Each structure stands twice: as C-alpha cells, then as structure tokens.
Amino acid sequence: MRLILLGPPGSGKGTQAQRLVQRYGIVQLSTGEMLRAAVAAGTPVGLKAKDIMAAGGLVPDEIVVDIISDRIDQPDAKSGFVLDGFPRTVPQAEALDQLLKHKHTKLDAVVELRVNESALVSRVETRVAEMRARGEDVRVDDTPEVLTTRLASYRAQTEPLIHYYSERRKLLTVDGMMTIEEVTHKINRILHAIGAASKPARKAGSAKPSAAGARKSTKKAAGRAGKSAPKGRTSAKKAVKTGRRPAKRASGAVPKGAKKASRKVAKKLTKKRAKA
Ligand code: ADP
C-alpha cells in the first residue's frame, strides 16, 4: 500500500500515519522527521534546512525529493509506505509521480485530513503542553508565530495538491475534526472500499505483471470473487490474491468495501485481459 497523508500542521497526519504503520505493516516516511534528524546530526542537508524550518518556511524541493527518492529505495519501504509531510508543493508531487513511474509503481490513494483552521492553533498548543509535561524537547517551530507562517505556506503551496490529486482521481477526504479513533476507522473503511487495504504490495522496482500473468490472475479472481468466505482466516493481502474474502477482524465485521473491492479487482483484470 502506498499512501500520502495530506493536511495542515496539527491535522493529525503523524498520529494517523503511525496507526497505518501498525495496521498494514508499511513504513512512515516523514520528511519533517528526516529533516529534524538531519538538523540534529548537523549534516549538509541539516545545515541548509535548519533556519528555513525554524522560520516555518519550506525547504527547497530538490532537497526533499532527493531524501524521499533514497528512502523509497530502502528495503523496508518495498512493501509499502505512508508519506507524511511530502509532497508539499506541486513540483514535489510531479517529481514523486516521475519517481514512482520510474520504479514501476503507483500511489494507491491520497488521504486528505480536513480540519477547521481555528482548531489547529489550539491542537498544536495542546501538543506542546503535553510534550513539556513529559519532559520532551519541544520543536522550535511549534510557537504561535511560526505556526502562522507554517499555515500560510500550507495554504499557498500545499493546498493546491488537493486539486492536483483530485484531478487524478486519487483524493479521499476525511473529516479530521472527528476523534482520533473515528478518523482511523474512517480511513480504514475507505482504504477497504477502494481495495487498497487488501492489495498485495508489488515490489518497488519490479516489472509490471506480464500479460500472461494478468490473464491467469483474471481467471482466478473472476472465478472466485463474490463466493462466500472459506473456513479459516484469510489475510487481507491473500484475499485479493486468491479472490477470497478477508477474515473477520477483531471488531467483528467484514469491511463493507471488501466484497466490492474484490469485484472491482476482478473487473479491472478482465478489462486488462480484453485489452491484451
Ligand atoms: P508540520 O507539523 O508543520 O506538518 P513537519 O514535521 O511535517 O511539520 O515539517 C516541519 C518542517 O520541515 C516544515 O515546516 C518545513 O520547513 C520542513 N519540511 C518538511 N517536509 C517538507 C517538504 N516536503 N518540503 C519542504 N519542506 C519540508
């Protein structure tokens, strides 16, 4: 699964990214975290980024694109990732498209966390107070003044990505004003509905499946999709591979979208077959 979490500072991207990591076994790629590590280590990238970050500006596109490109190539990112804080500008999104195309892979979805701006300042204030109470270092850019600049750069440079991904039919918007649990639940539901939650991760860098392979899986998927669930647990990943329904989750329910998703996969593969 390859996802982007999109939203202003304080929208809950980090929290939800962590939950996606736990649930789907993917890695969180946070450019903010990577840049903070570079600043702390005093690397050349860190030295360039330090003042820009402290002032709430955006680090140059080439720097973050290079960081992400290297990171996506690491073995732990092969089975999927959630990008948190990247892309933040249209040129970054275009660079990401090129990168993924080059690696013969694609994004599954872009999840936008929509929040009222009035809530953001108080959310960040709460985060700062909690970090202080735990005796943790507070981010230098978590002050009301810098937050205003960060919000302004979000509006000017990152918000256009909503249109960018919506045009490319990748955008899924979730109400980020709900509780953390509710937001998680909603994200999981839509990922199931689009079939992303049960999609086997194609290795980054591996070639597209051959026409013969596609034909074979079409037969399998088309033949089995929609049949009742067999006994025993079937993992979500295996479910689409075999056309079986995923096992019931701890919450008890088979996700609403799972059946629809497997029908969708079968349909897609049939189309592919017809094309071939
Ligand atoms: P936020 O909570 O504001 O979303 P992040 O931890 O994602 O913060 O990022 C902190 C800072 O790191 C940003 O304000 C910016 O200066 C820099 N940064 C992070 N990601 C990017 C990016 N993709 N492009 C440019 N600058 C970035």
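Look above for the structure.
Note that this is a predicted model, so its numbers are computed, not measured.

1. Some remarks on the overall build of the chain
Alright, step 1. Helix and strand counts for the chain come out as twelve helices and five strands.
Alright, step 2. Scored against the burial criterion, the 276 residues of the chain give a buried share of 41%.
Alright, step 3. Put simply, 73% of the contacts in the chain that link residues at least 6 apart link residues at least 24 apart.
Alright, step 4. For the chain, the computed accessible surface area is about 15,300 Å², with 54% contributed by carbon and sulfur atoms.

2. Looking at the sheet that holds strand S1 (residues 2-6)
Alright, step 1. Pairing in this open sheet of five strands is parallel, and the strands run S2-S3-S1-S4-S5 from one edge to the other. Every other strand in the sheet has two partners, leaving strand S2 (27-30) and strand S5 (171-175) as the edge strands with one partner each. Across the sheet, the axes of successive neighbouring strands diverge by a mean angle of 25°, strand direction being ignored.
Alright, step 2. In this sheet, S5 lies alongside strand S4 (residues 109-114) in parallel orientation, the contact comprising five bridges. Looking at the pairing, leucine 113 lines up with valine 174 of S5.

3. Some thoughts on the site of the ligand
Alright, step 1. Around the ligand lies a shell of 18 residues, among which Thr31, Arg36, Gly57, Gly85 and Gln92 are the nearest.
Alright, step 2. In this structure, valine 59 approaches the ligand through a main-chain N or O atom, which is 3.0 Å from a nitrogen atom.
Alright, step 3. One of the backbone nitrogen or oxygen atoms of glycine 85 is found 3.0 Å away from a nitrogen atom of the ligand.
Alright, step 4. Out of a free accessible area of 550 Å², the ligand has 96% covered by protein chains.
Alright, step 5. Ranked by residues supplied to the shell around the ligand, first place goes to helix H2 (residues 31-41) with four residues.

The rules behind each value
- Residues numbered from 1 in each chain as written.
- Predicted model: local features only at pLDDT ≥ 70, side-chain atom pairs only at ≥ 80, totals over all residues.
- Heavy atoms only, no water.
- Helix = DSSP H or I, 4+ residues; strand = E, 2+ residues; numbered from the N terminus.
- Buried < 20%, exposed > 50% of the residue type's maximum accessible area, 1.4 Å probe, protein only.
- Contact = heavy atoms within 4.5 Å.
- Areas by Shrake-Rupley, 256 points an atom, 1.4 Å probe, with all protein chains shown as cover.
- Pairing = 2+ DSSP bridges.
- Axes fitted to C-alpha atoms, helices over the stretch in contact; angles between N-to-C directions.
- Near = heavy atom within 4 Å.
- Polar contact = N/O pair within 3.5 Å; in protein donor to acceptor, adjacent residues only side chain to side chain.

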